[in-house]
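Structural description and commentary
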Amino acid sequence: MTTAASRARLLAELGRFDQAETELRNGLLARPGDPDLLALLAAVLRLSGRHHDALAAAEAAIEAAPGSASAHAERAETLVALSRTGEAIEAASAAARLRPAEPEVHRVLARAHTAHRDFAQARAAARRALAFDPRSVPSLLTLAEVERVSGRTRAAARATRAALAEDPGHPAGRWLIALLNAERLQVGDAMRGLRELAADHPARLRGEAFAWPIVGVLAGLRSGLAAGVPLVLSVRLATGWWSSAGLFAQAIALVVAVVTVSFAARVLLPAGRLPWRCLASLPRGTVITELVAAAASVALLVTYAVTALWPPLLLAVAAAGVLILSGVFRVRVTSLNAS
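Now for a look at the structure at hand. (Residues numbered from 1 in each chain as written. Predicted model: local features only at pLDDT ≥ 70, side-chain atom pairs only at ≥ 80, totals over all residues. Heavy atoms only, no water.)

**Some remarks on the overall build of the protein chain**
Secondary structure summary: the protein chain contains 18 helices and zero strands in total. Taken along its principal axes, the extent of the C-alpha atoms in the protein chain is 80 × 40 × 40 Å. The 339 residues of the protein chain split such that 45% are buried. For the protein chain, restricting intrachain contacts to residue pairs at least 6 apart in sequence, the fraction spanning at least 24 positions comes to 57%. A total accessible area of about 16,800 Å² is found for the protein chain, and carbon and sulfur atoms account for 61% of it. Distance between charge centroids for the protein chain: 8 Å, based on 37 positive and 27 negative side chains. (Helix = DSSP H or I, 4+ residues; strand = E, 2+ residues; numbered from the N terminus. Buried < 20%, exposed > 50% of the residue type's maximum accessible area, 1.4 Å probe, protein only. Contact = heavy atoms within 4.5 Å. Areas by Shrake-Rupley, 256 points an atom, 1.4 Å probe, with all protein chains shown as cover. Lys, Arg positive; Asp, Glu negative; His and termini not counted. Charge placed at Lys NZ, Arg CZ, Asp CG, Glu CD.)

**A short note on the side chain of histidine 72**
Here histidine 72 is to be found in helix 5 (residues 69–81). Ignoring sequence-local partners within four residues, the contact set of histidine 72 consists of Ile62, Pro66, Ala91, Ala94, Ala95 and Leu98.

**Quick word on the nonpolar core**
Of all hydrophobic cores here, the largest spans 47 residues; its most connected members are Leu225, Val232 and Leu301. Tallying contributions element by element places helix 15 (residues 245–271) first for this core, with ten residues. In this structure, Ala69, Val105, Val137 and Leu140 belong to the second largest nonpolar core, which totals 30 residues. (Core = buried A, V, L, I, M, F, W, Y, C linked by side-chain atoms within 4.5 Å.)

**With respect to the environment of arginine 222**
Relative to the helices and strands, arginine 222 is located in helix 14 (residues 212–237). When the C-alpha atoms of arginine 222 and alanine 131 are compared, they prove to be 43 Å apart, with 91 residues separating the residues in sequence. Of the polar contacts made by the side chain of arginine 222, one reaches the side chain of glutamate 290; its length is 3.1 Å. (Polar contact = N/O pair within 3.5 Å; in protein donor to acceptor, adjacent residues only side chain to side chain.)

**A closer look at the pattern of salt bridges**
Applying the stated rule across the entire model yields 19 salt bridges. Here arginine 25 ties to glutamate 21 by a salt bridge, and the two come within 2.9 Å at their closest N and O atoms. With arginine 25 and glutamate 21 both in helix 2 (residues 17–30) and four residues apart, the pair spans about one turn of that helix. On the basis of relative accessibility, which here comes to 38%, the residue arginine 25 falls in the partly exposed class. Judged by relative accessible area, which is 13%, glutamate 21 ranks as buried. For the salt bridge of arginine 152 with glutamate 147, the shortest nitrogen-to-oxygen distance reads 3.5 Å. Each member of the salt-bridge network shares a partner with another, and the members are Glu21, Arg25, Arg50 and Asp53. (Salt bridge = Lys/Arg side-chain N within 4 Å of Asp/Glu carboxyl O.)

**Overview of the packing of aromatic side chains**
Under the counting rule described, the total for this entry stands at two aromatic pairs. These aromatic residues form a ring-pair network of at least three members: Trp241, Trp242 and Phe248. (Phe/Tyr/Trp six-rings, centres within 6.5 Å; stacked < 30°, edge-to-face > 60°.)

**Focus: a positive patch on the surface**
Together, Arg154, Arg158, Arg161 and Arg184 give the surface a local cluster of positive charge. Mapped onto the fold, arginine 184 is located in the loop between helix 11 (171–183) and helix 12 (187–200). (Patch = residues over 30% accessible without salt bridge, like charges linked within 9 Å, V, L, I, M, F, W, Y side chains within 5 Å.)

**Focus on helix 1 (residues 4–13)**
All buried positions along helix 1 are accounted for by Ala4, Ala5, Ala8, Leu11 and Ala12. Projection of helix 1 onto a plane perpendicular to its axis shows the buried side chains occupying an angular sector of 130°, all on one side. In this fold, the buried residues of helix 1 make contact with helix 2 and helix 3 (35–47). Where helix 1 ends, the next residue or the one after it, glycine 15, has phi of about 80°, a positive value. (Arc of directions from axis to C-beta.)

**Quick word on the environment of glycine 272**
Considering the arrangement of structural elements, one finds glycine 272 in the loop between helix 15 and helix 16 (274–277). By relative accessible area, glycine 272 is classed as partly exposed at 30%. Residues glycine 272 and alanine 122, 150 residues apart in the sequence, show an inter-C-alpha distance of 37 Å.

**Description of unusual backbone geometry**
A positive phi angle is found at serine 83, which is not glycine, with a value near 65°. Summarising the element assignment, serine 83 is placed in the loop between helix 5 and helix 6 (85–98). The phi torsion at alanine 308 lies on the positive side, around 65°, for a residue other than glycine. Structurally, alanine 308 is set in the loop between helix 17 (284–307) and helix 18 (310–338). Residue classification places alanine 308 among the partly exposed positions, given a relative accessible area of 30%.

**Considering a nonpolar patch on the surface**
On the surface, Leu254, Val258, Val302 and Val306 cluster together to form a nonpolar patch covering roughly 340 Å² of accessible area. Sorting the residues of the nonpolar patch by element identifies helix 15 and helix 17 as the ones contributing at least two each. Topologically, valine 302 is positioned in helix 17. For valine 302, a relative accessible area of 33% translates into the label partly exposed.

**Thoughts on the packing of helix 12 against helix 15**
Taken N-terminus to C-terminus, the directions of helix 12 and helix 15 make an angle of 35°; their axes are 8 Å apart at the nearest point. Handedness of the crossing formed by helix 12 with helix 15: right-handed. On helix 15, the residues touching Val187, Gly188 and Met191 of helix 12 are Arg266, Val267, Pro270 and Ala271. The residue inventory of the contact of helix 12 with helix 15, partitioned by class, reads five nonpolar, one polar and one charged. (Axes fitted to C-alpha atoms, helices over the stretch in contact; angles between N-to-C directions. Left-handed = near helix turned anticlockwise from the far one by under 90°. Nonpolar A, V, L, I, M, F, W, Y, C, P; charged D, E, K, R; others polar.)

Spelled out as structure tokens, the structure:
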């Protein structure tokens, strides 16, 4: 006999969060204040991106059953999503105290510590989860995520491969491999992995997952030009007391432009056309503004390197400023939409 909870879990696994929520709310009409249903409702709301509603449901579950480890764990997951990492650690620690023999609560604690950038504690929590079952795929993937975020990509790859050895088709493991390939700029492998994952699990990936090369390039260009353009300007301003400053500034401008174009080509060429087809899944106007500003800044740097004229350099500074401000705006809008 199926229950509201079992039906909701199945619907959530299929990505049908609205229907899962309906099942749970109907269940709560029959069993008001049921902490398990409320905790599950919080998870469904969190997965659908409604983080504040999810937090309210998790707190209602805790109010109904203060000793419910799953309710505290779900509250921790939602607090992580809301970037309230200190509170998330407290909630996850409460869950671990209530149910110390449950691997999942230690995985939640590991994720909370990871979000708080306390990687030693995160690693310890992930290993406590693994101690219950060294071949547990969820625990191996939790450790892999801790290692990835902490910058230990080899350790992350080892843990992910161990998880996939147990379950070769596991979508989270395949996603993590694609992400690791992307971070190592193995763009072709990353895109191929994402396409295969989308073919097997079409509800799992949205368009922005395939647009990551564009987002990654913009982040790299923003960082590179934010450092390179002011450096060129600073050296150029030193001509009053350093006779060779002008030539040196031209050389730096050319180097910055070449490095920038090389980085963009290394990412975008192997990615192919798919990221551009998925551009609509991003804040399109802002992204186009960033792309135009980056291209303009690079072109103006090359012009300055060739001509040594002031106007191209000053316009390159202005274009880099537009790129930086547009990027900050896009990231802020994306964060607000996610919360």
